[in-house]
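# Fold and contact review
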Amino acid sequence: MALVDVTKSCLDSISQISEQIEGSVLYLDAGSTESFQYIGAFPLLLNHGVRAICSLENMSSLDAVVDWNANSDPDRKVVVVTTRLLSDAHRYILRCLSTHPAVHCCTIFTSISEIAHSAYPDSPLGPDAFHEYESLLVQDYEELIKKGVKKPLQPGVSNFKDNIDLGDEGRSQLAPSEEDISHPQASSTARDSYGENLIADTEVGKNLVVSVRHFPMIICPFSPRVFVLPPEGSVAEAYLSAKHEDALSPGLPSLSTGLLSDGDDIPPGATLTANFLYHFAAKLDLKMEIFSLGDLSKTVGKMLTDMSSLYDVGRRKRSAGLLLIDRTLDLLTPCCHGDSLVDRVFSSLPRRENTASYTQIKTSKSQLKQGPSNLERASLDVQIPLAKILSEEDCKIENFRLLESIEAFLCGWDSGNSASQVLDLSNLKNKIHDEKLPQLENELLRGSLVSTESFRGTPYLETLLDRKTKDGTILVKKWLQEALRRENISVNVKSRPGFATKSELQAMTKALAKSQSSLLKNKGIIQLAAAVLAALDESHSSRWEAFSNAEKILSVSAEDTSQSLAVQIGDFINKSALLGLHGQKNGKFGVSQGVLSFQDTLYLMISGYILAGENFPTAGNDGPFSWQEEQLLKDSIVEAILENPSIAKLKFLHGLMEELETNLSRIKSEESKGTSSDQIDIDDLDDDQWGKWGDEDVDDTNNSKEKVYDDMQLKLELRDRVDNLFKFLHKLSSLKSRNIPLKDGALDSDNNFSGDPYASRGLLYKLLTRVLSKNDVPGLEYHSSTVGQLFKSGFRRFGLGQAKPSLADQNVILVFVIGGINGVEVREAQEALSESGRPDIEMILGGTTLLTPDDMLDLLLGKSSYF
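Residues numbered from 1 in each chain as written. Predicted model: local features only at pLDDT ≥ 70, side-chain atom pairs only at ≥ 80, totals over all residues. Heavy atoms only, no water.

The next thing to look at is the overall build of the chain. On a plain count of helices and strands, the chain comes out with 36 helices and 16 strands. Classification of the 867 residues of the chain by burial places 52% in the buried group. Restricting to contacts in the chain with at least 6 residues of sequence separation, those with at least 24 account for 81%. Summing over all exposed atoms, the chain offers an accessible surface of approximately 40,600 Å²; the carbon and sulfur share of this is 50%. (Helix = DSSP H or I, 4+ residues; strand = E, 2+ residues; numbered from the N terminus. Buried < 20%, exposed > 50% of the residue type's maximum accessible area, 1.4 Å probe, protein only. Contact = heavy atoms within 4.5 Å. Areas by Shrake-Rupley, 256 points an atom, 1.4 Å probe, with all protein chains shown as cover.)

Okay, structure coming up:
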């Protein structure tokens, strides 16, 4: 039987729609662009006859003529692939159609199913969502056509876009540079033919054929068996919990207190996740036996069971197990800086900025809900700095040639109106020739990770996912050596077996990228090596190591007493505050390498309080520490923020930062005035001033009272904010006691599997170890189908009750963590599978998103937090 390969399934799904995309201009939104990038789909799309691939959100008027010439027909066929709800993507689709006035056929592929569209809260579409949207889009497009032909068309000039106003449809205004090129003109023959086509198509709105289809296989696979959802898709951005007492963040499930959501209380993220998993399993031809751990997972499992009972009757599929897990059952693992090369890469490299928020166009009805209006996930499109790998001379030459090509294109496209643009490009060329523009070099020479790039058939990312930093770095070095040997390139560098240094990797990578042919043939390993080099850079690695060492210290202190742990947390706070104050006095606002900032120590408090809650479960509702210990921590934080407000820029201080900085400036100015007043000469006092001395004392007294009152009020406000911070930390420390599946400690008995106090494993490892050993897991629920329940209840009457299925009996197991996964958990899941002695099991690991420690900081204390 064929092995399950999610990457191959994604590529096969694209091949299945080859007829629809052939000869079309293809528009991808941000989510589908990331997905297609990871699976390496762009060459496949071009092989299937796609004329051009464009961005849906960053649409340009030049998209209409991207592959156009005087002898070709205008674009008649447009295809849109989106990971958004149709209502959210509508304004972009409408703008896309208005850019192609000759379009006759528009096909829209959405990753959100028709059932999910109708079930989504406040959705304007009903049960027949796709057909309803087809009619609505045609109606809106016809209205735009009527607006577009109010003015008479002048010969040879297109007024189509001039007369279109998409403001009512929520269209964001185009940038000035885009408006300047919204009416490109070519040769006279081309202009005449293009204008004739527009005149002939004034009734095209009535002939537009719109088709909406479901395309579920839009995911971001890191390997054939590990994937996450596109961060800018509706499924990943839909909130997983509404704001209430047991909720931590819209991007995380609520605490598992045993109260399941029902009806209108079900978060949209649960509905969309259930629909995705159902169609994902159907595409893989799998019939799921569903198990869940956590309240939200149980809700999703119940929805999946109901869908399977309705639609899977009579279908013969391969049996598989689905294990759903709530992320809030284990927040410590993604918060910690574990030993994973992939986690380091994604934490160190800059990401592509998210596109304009779709949620700004939602109706006011959605804002009346308890859920948040916006949840932003970090993009997975890492920007690999290839400019540092290639030589500076090569960068300069390539930039120069690129600008020459753009200049030649503009000259040929519009010889009459491109003079100013050509002049600007010429000036830019002169700057590149005379100066160095590192920012432009970095912009032009950025790489990205592609999961299908392989070494002798083995994908690079798949091999690195379950590797620690040292092992992964050595493996990258081995791949570079093999590539250099294959290209007959020698590198004069000292190399030690079993070790890989940054200088070795840099020298080998530069040698491999020196020639253009070698660069193109080995682009996969070159990009990966550049990403590893960036992660190993001192500016990133020192902070990661400092975090890792601090977390180890907290872990050891948590094994001792609560007092020891509290003292250690206080020590981190005081040291970081002192270093921040010292840096401010010296005019150095950055953080020294290897030293944690004050904001970093506040983030460490999250790990410290979670550890305290796990190791001191008998602590009261007021927190794991005594009143005296916690009061010392509060005082340290308050004093540190008062002395240097710039060191803590977190959500809980929003609205107070300006007052804190003003107060600090006033104190400094008073100190400087006091110093200067001590140096006043007695001769400066004349006799006339003695008569007003008493009045001045009264004024100074009043001013001083007001200042004291202002200072006291500011301190009280700050203390209230800090008290709220500690209340949130108390909630985190109660995760074990309030999450019902963790209460009895069944998953804590094997806290240290290796005997190493630093090698404690996460929940996923412990859970899979028990499940694959066929041990009972308290709180793990099996979701039986309706037909199965009828059979079991019927046979039970005759004493023939059926035993509860076991997840370990399945040869294919899909594990999905609602809320996200990280690289450490991928490695631990593979370790649990290998230690089980079951090589026949195929395990697929998925999650809502890829979580880094910085992402967790944003979810718990940042703008995406309910705190």
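Turning next to the sheet that holds strand β5 (residues 209-214). Whether parallel or antiparallel, the strands of a sheet pair through hydrogen bonds between backbone atoms. Spatially, the 5 strands line up as an open sheet ordered β2-β1-β3-β4-β5, and their pairing is parallel. Edge positions in the sheet fall to β2 (52-55) and β5, since each of these pairs with one other strand and no more. Each strand axis lies, on average, 20° off the axis of its neighbour in the sheet, ignoring direction. Against the sheet, helix α5 (residues 86-99) contacts β1 (25-28), β3 (77-82), β4 (105-110) and β5, and its axis sits at roughly 150° relative to β4. (Pairing = 2+ DSSP bridges. Axes fitted to C-alpha atoms, helices over the stretch in contact; angles between N-to-C directions.)

Our focus in this paragraph is empty space enclosed by the protein. According to the stated counting rule, one finds 13 cavities of 30 Å³ or more in the structure shown. What the second largest cavity holds in volume is close to 100 Å³. Forming the walls of the second largest cavity are 14 residues, and the residues nearest its centre are Tyr-278, Ala-281, Leu-286, Met-288 and Ser-308. Counting only elements with at least two residues in the lining of the second largest cavity, the list comes to α12 (268-283), β8 (286-293) and α13 (295-311). The residue inventory of the lining of the second largest cavity, partitioned by class, reads 10 nonpolar, 1 polar and 3 charged. (1 Å grid on protein atoms, 1.4 Å probe; cavity = no way out; pocket = protein on both sides within 12 Å on 5 of 7 lines; lining within 4 Å. Points joined across faces, edges and corners; volume = space filled by probe spheres on them. Nonpolar A, V, L, I, M, F, W, Y, C, P; charged D, E, K, R; others polar.)

It is worth spelling out the packing of helix α24 (residues 523-536) against helix α25 (residues 538-558) at this point. Relative to each other, α24 and α25 sit at 60°, their axes nearing to 5 Å. Between α24 and α25, the angle falls in the class oblique. Judged by residue contacts, Ala-534, Ala-535 and Leu-536 of α24 engage Glu-538, His-540 and Ser-541 from α25. Here the contact of α24 with α25 is composed, by residue class, of 3 nonpolar, 2 polar and 1 charged. (Parallel < 35°, antiparallel > 145°, perpendicular 65-115°, else oblique.)

It is worth spelling out the nonpolar core at this point. Among the nonpolar cores identified, the biggest contains 73 residues, and Phe-222, Leu-323, Phe-346, Val-476 and Val-815 are the most heavily contacted of them. The contact partners of Phe-222, leaving out residues within four places of it in the chain, are Tyr-38, Phe-227, Val-228, Phe-346, Leu-380, Ser-451, Leu-461, Glu-462, Leu-465 and Leu-850. Membership of the second largest hydrophobic core comes to 58 residues, among which are Ala-558, Ile-573, Tyr-609 and Phe-616. (Core = buried A, V, L, I, M, F, W, Y, C linked by side-chain atoms within 4.5 Å.)

Here we come to the pairing of β1. Residues Val-25 and Tyr-27 of β1 are buried on one face, and the alternating residues Leu-26 and Leu-28, pointing to the opposite face, are buried as well. In this sheet, β3 lies alongside β1 in parallel orientation, the contact comprising 4 bridges. When the bridges of β3 are listed, Leu-28 appears paired with Val-81.

Let's shift gears to the sheet that holds strand β14 (residues 781-783). Strands sit in the order β6-β7-β16-β15-β9-β8-β14 across an open sheet of 7 strands; the sheet is mixed. Each edge of the sheet is formed by a strand with only one pairing partner; in this case those strands are β6 (220-223) and β14. Taking the axes of each pair of neighbouring strands and ignoring which way they run, one obtains an average angle of 25° across the sheet. Of the strand pairs in this sheet, strand β15 (residues 812-818) and strand β16 (residues 842-847) are connected by 6 bridges, and their pairing is parallel. Considered in β16, the bridge of Val-815 is made with Leu-845.

What follows covers the environment of Arg-485. In this fold, Arg-485 is placed in helix α21 (residues 469-486). Residues Arg-485 and Leu-512 lie 27 residues apart in sequence; the distance between their C-alpha atoms is 10.0 Å.

Moving on to α5. One turn of the α-helix equals 3.6 residues, which is why residues spaced by three or four share an orientation. The end-to-end C-alpha separation of α5 is 19 Å, in line with the 20 Å expected for 14 residues at 1.5 Å each. Maximal helix bending in α5 amounts to about 30°, located at Tyr-92. Within α5, 13 of the 14 residues are buried, leaving the element largely enclosed by the surrounding structure. (Expected span 1.5 Å × (residues − 1). Bend = angle between axes of the 7 residues up to and from the residue.)

If you trace the backbone, Ala-247 turns up in the loop between α11 (234-237) and α12. Residue classification places Ala-247 among the buried positions, given a relative accessible area of 2%. Put simply, Ala-247 and Phe-867 are 620 residues apart on the chain and 9.4 Å apart in space, counted from C-alpha to C-alpha. When sequence neighbours within four positions are dropped, the list of residues in contact with Ala-247 reads Ser-241, Ala-242, Ser-254, Lys-731 and Tyr-866.

What follows deals with the packing of aromatic side chains. Given two aromatic rings, their pairing is described by the distance between the two centres and the angle made by the two planes. Enumeration over the complete set of coordinates arrives at 13 aromatic pairs. Ring geometry for Phe-547 against Tyr-603: centres 5.8 Å apart, planes inclined by 80°, an arrangement best described as edge-to-face. Here the residue Phe-547 occupies a position in helix α25, and Tyr-603 occupies one in helix α27 (residues 598-615), the gap between them amounting to 56 residues. One exposure class covers both Phe-547 and Tyr-603, and it is buried. Centre to centre, the rings of Tyr-609 and Phe-625 are 5.1 Å apart; their planes meet at 85°, and the pair counts as edge-to-face. Here the residue Tyr-609 occupies a position in helix α27, and Phe-625 occupies one in the loop between α27 and α28 (627-643), the gap between them amounting to 16 residues. (Phe/Tyr/Trp six-rings, centres within 6.5 Å; stacked < 30°, edge-to-face > 60°.)

All told, the structure shown has 27 salt bridges when counted by the stated rule. Where Arg-318 meets Glu-842, a salt bridge forms, and the shortest distance between an N and an O atom there is 2.8 Å. You can see Arg-318 sitting in strand β9 (residues 318-326) and its partner Glu-842 sitting in strand β16, a full 524 residues away along the chain. Judged on exposure class, the residue Arg-318 and its partner Glu-842 are both buried. Here the salt bridges share partners, and the residues they tie into one network are Glu-34, Glu-232, Arg-352 and Asp-381. (Salt bridge = Lys/Arg side-chain N within 4 Å of Asp/Glu carboxyl O.)

Over its 18 residues, α27 runs 25 Å from end to end, which matches the ideal 26 Å to within 8%, given 1.5 Å per residue. For α27, a buried count of 15 out of 18 residues is recorded, marking the element as mostly surrounded by other parts of the structure.

In the predicted model, the chain carries a mean pLDDT of 78, and the fraction of residues at 70 or more is 71%. In the model of the chain, helix α8 (residues 176-180) stands out as the element of lowest mean pLDDT, 35, in contrast to β15, which has the highest, 96. Counting interchain partners and residues more than four positions distant, the pLDDT-below-50 stretch residues 149-202 has 80 contacts. (pLDDT = per-residue confidence, 0-100.)

All right, on to the state of the cysteines then. In this structure the tally under the stated criterion is 0 disulfides. Cysteine Cys-220 is unpaired, with the sulfur of Cys-10 as its nearest cysteine sulfur at 9.1 Å. Here Cys-335 stays free of any disulfide, with the sulfur of Cys-336 as its closest cysteine sulfur at 6.8 Å. (Disulfide = S-S within 2.5 Å.)

To continue, consider the packing of helix α33 (residues 763-772) against helix α35 (residues 823-835). Contact geometry for α33 and α35: axes closest at 9 Å, N-to-C directions at 20°. Classified by the interaxial angle, the pair formed by α33 and α35 is roughly parallel. Judged by the sense of rotation from one axis to the other, the crossing of α33 with α35 is right-handed. Here α33 contributes Leu-764, Tyr-765, Leu-768, Thr-769 and Leu-772 to the contact with α35, which in turn contributes Glu-825, Glu-828, Ala-829, Glu-831, Ala-832, Leu-833 and Glu-835. By residue class, the composition of the contact of α33 with α35 is 7 nonpolar, 1 polar and 4 charged. (Left-handed = near helix turned anticlockwise from the far one by under 90°.)

The subject of this paragraph is unusual backbone geometry. Backbone geometry at Asp-285 places phi at a positive 60°, although glycine is not the residue there. One can find Asp-285 in the loop between α12 and β8. Relative accessible area serves as the criterion here: at 41%, Asp-285 is assigned to the partly exposed category. In this model, Lys-774 sits at a positive phi of 60°, which is unusual for a non-glycine residue. Mapped onto the fold, Lys-774 is located in the loop between α33 and β14. Residue class for Lys-774 comes out exposed when judged on its relative accessible area of 51%.

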